[in-house]
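# Report on the structure
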Amino acid sequence: MSYSFRFMCLRVALTVLICLMTGSCIEDASDCPETSDPGLGTADVRLSFTIMTGREAERLTDLSRSADIDGDQNGKNGENYIDINDLNFLLFDADGKFLQNFTPETKVIPDPDEETVYTVNATVSDPYFGEVTGDNVVFYIMALCNGAQLGMGFPLLERGTTIESLCSAAGSPSFTILPQTSILQWGIPGQQSIPMSGLRAFSVSKAALKASSADNPVDISEARTKPLNMLRAVAKIEIVDKINIEGKYNPAIHDDLPERIDKVEINGIYPSGTILPSMDQWTRNVAVPETQQVIAPTIPVSAAYLNPAKYPSPEFTQVIPGTALDFVPDGTDEDGCPVYAVYIYEFAAESFIVDGSQHNVDNGIKLTEQMPYIRVTIGTNVLPMRLATYKDGVAETELPYMLRNHIYRFEITKIHLGSELTVNWTVCDMDDGGVIKIPGFN
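Keep in mind that this is a model prediction, so the values were computed, not measured.

With that settled, consider the overall build of the protein. If you tally the helices and strands in the protein, you get 6 helices and 26 strands. Buried residues in the protein amount to 57% of all 442 residues. In the protein, of all internal contacts separated by at least 6 residues, the share reaching a separation of at least 24 is 79%. As presented, the protein carries roughly 17,700 Å² of accessible surface, and 51% of it is formed by carbon and sulfur atoms.

Let us now look at the sheet that holds strand 16 (residues 338-344). A sheet is described by the order of its strands in space; here 5 strands give the open sequence 15-16-12-25-26, paired in mixed fashion. A strand with exactly one partner marks an edge of an open sheet, and here the two such strands are strand 15 (328-332) and strand 26 (421-429). With direction set aside, neighbouring strand axes in the sheet form an average angle of 25 degrees. Taken together, the 3 bridges between strand 15 and strand 16 define a ladder with antiparallel strand orientation. Bridging from a neighbouring strand, Pro 329 pairs with Tyr 340 of strand 16.

What follows concerns the side chain of Ser 278. Tracing the sequence through the fold places Ser 278 in the loop between strand 13 (263-267) and strand 14 (324-326). For Ser 278, a relative accessible area of 18% gives the class buried.

Attention shifts here to the pairing of strand 22 (residues 388-391). When strand 22 meets strand 23 (residues 394-398), the two strands line up antiparallel, connected through 3 bridges. Across the sheet, residue Tyr 390 finds its bridge partner in strand 23, namely Ala 395. As consecutive antiparallel partners, strand 22 and strand 23 are separated by 2 residues, and within that stretch Asp 392 has a phi angle of approximately 55 degrees, a positive value.

For strand 12 (residues 235-241), the buried fraction is high: 7 of the 7 residues fall into the buried class. What you see with strand 12 is no split at all: Ala 235, Ile 237, Ile 239 and Asp 241 on one side and Lys 236, Glu 238 and Val 240 on the other are buried throughout. Sheet topology places strand 12 next to strand 16; 6 bridges connect them, and they run antiparallel. Paired with Lys 236 across the two strands is Tyr 343, which belongs to strand 16.

The subject of this paragraph is the environment of Val 342. Considering the arrangement of structural elements, one finds Val 342 in strand 16. Residue Val 342 is classed as buried on the basis of its relative accessible area, which comes to 1%. Along the sequence, Val 342 and Glu 265 sit 77 residues apart, while their C-alpha atoms lie 8.4 Å from each other. Setting aside its immediate chain neighbours within four residues, Val 342 contacts Thr 181, Ala 235, Lys 236, Ile 237, Ile 266, Leu 325, Asp 326 and Phe 327.

Relative to the assigned elements, Ile 82 resides in the loop between helix 1 (77-80) and strand 4 (87-92). Among the residues examined, Ile 82 registers a relative accessible area of 0% and is labelled buried. Expressed as a C-alpha distance, the spacing of Ile 82 and Met 196, which sit 114 residues apart in the sequence, is 8.3 Å.

Inspection of every chain in the model, using the stated rule, returns 16 salt bridges. Between Asp 335 and Lys 248 there is a salt bridge, with its nearest N and O atoms 3.4 Å apart. Here Asp 335 is found in the loop between strand 15 and strand 16, whereas its partner Lys 248 is found in the loop between strand 12 and helix 6 (251-254), with 87 residues between them in sequence. Salt-bridge contacts for Glu 398 lead to Arg 386; the nearest nitrogen and oxygen are separated by 2.7 Å. With Glu 398 in strand 23 and Arg 386 in strand 21 (residues 381-386), this pair connects stretches of sequence that are 12 residues apart. Among the residues examined, Arg 386 registers a relative accessible area of 19% and is labelled buried. Ionic contacts of the salt-bridge type, sharing partners, join the residues Glu 79, Lys 236, Glu 238, Asp 330, Glu 334 and Arg 409 into one network.

Attention shifts here to the nonpolar core. Judged by nonpolar contacts, the single largest core of 72 residues is most densely connected at Met 142, Ile 266, Met 385 and Phe 410. Those residues in contact with Met 385 that lie beyond four places of it in its chain are Ile 239, Tyr 373, Ile 374, Val 376, Tyr 390, Phe 410, Ile 412, Leu 421 and Val 423.

The next point concerns the packing of aromatic side chains. For the coordinates displayed, the defined rule picks out 10 aromatic pairs. Among the aromatic residues, those joined into a cluster by ring pairs are Tyr 128, Phe 129, Phe 139 and Phe 202.

Here the focus is the sheet that holds strand 11 (residues 231-232). If you walk across this open sheet you meet the 5 strands as 5-4-7-8-11, and the pairing is antiparallel. Looking at the sheet topology across the chains shown, the edges are occupied by strand 5 (98-102) and strand 11. Both strand 8 (residues 196-205) and strand 11 contribute to a ladder of 2 bridges, which runs antiparallel. Looking at the pairing, Ser 197 lines up with Leu 231 of strand 11.

Cut-offs and rules
Residues numbered from 1 in each chain as written. Predicted model: local features only at pLDDT ≥ 70, side-chain atom pairs only at ≥ 80, totals over all residues. Heavy atoms only, no water. Helix = DSSP H or I, 4+ residues; strand = E, 2+ residues; numbered from the N terminus. Buried < 20%, exposed > 50% of the residue type's maximum accessible area, 1.4 Å probe, protein only. Contact = heavy atoms within 4.5 Å. Areas by Shrake-Rupley, 256 points an atom, 1.4 Å probe, with all protein chains shown as cover. Pairing = 2+ DSSP bridges. Axes fitted to C-alpha atoms, helices over the stretch in contact; angles between N-to-C directions. Salt bridge = Lys/Arg side-chain N within 4 Å of Asp/Glu carboxyl O. Core = buried A, V, L, I, M, F, W, Y, C linked by side-chain atoms within 4.5 Å. Phe/Tyr/Trp six-rings, centres within 6.5 Å; stacked < 30°, edge-to-face > 60°.

Next up, the structure:
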């Protein structure tokens, strides 16, 4: 059994004014169809909308990343950070067909302590706005960010490409460089940052679009009540060193004890991931697609699992080069105990069950391969820790997948040298606003 809690965000807002320069069509303007609405046509429309990597807890207490998300734990700065130099917008029509992308003209680097809310002022020209019949224009905006430093190329889409084809293991832009947790956790301009994506449909009256101006853009997010919410494309694993600690951690007593953790590694990883989840993850329980939490992973068709040494076996103490990632110090928990963390791309067994239904992943981890596991070094001892559900400190069943925008927290409470660790565990969703409130472990 797992408990759901959310990875809460900072209670600050950053306004980024971005003037977006676009052409009237993807190709030459002479290829554009004539508009059916002389009152709007291809004239510039000026929009203002909000991107959120989390909610403003004081103002929007009921706002969440999607209908089924709430939140309890504050995210670290780097987990909410958007690099404005690596932020792209895609415009789709009411049927989810691609119209054009926005390229920011003015780049503003945010303060490292203010990266929860981004307000975008956009100037957009497209014949679609004049072709729509009726009083309202419906369109989707998709945002992609923080992918360039992980090797992701921006998609060059043909007009008419569907959201569904883009949101697929074959169609989604993917990463080719392993994440470096020591960099991702800070949010540093021009360096690796946590990749995110978001999608939202908007319905705006033609009259409001026609009346919009540079000084008075139409606020399609309606005072931040309808933001474009962002979903992180990586999972996070946390290891809490609570070995032989009752209550609060006391550095004067506990720092020098021989049972302190010296090193943590994950063995068995995917070297690539997708920035977008598959479309079925964003169409659950909603009338139109939108950013929401995932319940199954999306693995690129080109991904190749880096199979580690078998466990259990004597070989597990020997790391196969290229199949492991190191955890890095990540502050302390609410009791002051040391926390180690790593960000990874999603993984899944070849076949697994979720919500009572079987899911198959074409390039998932096969039965002949070793599922990922953790190596914990304490002094001269290297001990295994299964990525599994735990009951009364004992591992039960291997986790069949790890999902983007989720935290998997394992709390090590005892060591049995030459044997296994006693572990508590919980899983949660990295999400939005409010006070820190960490649930109990199993």
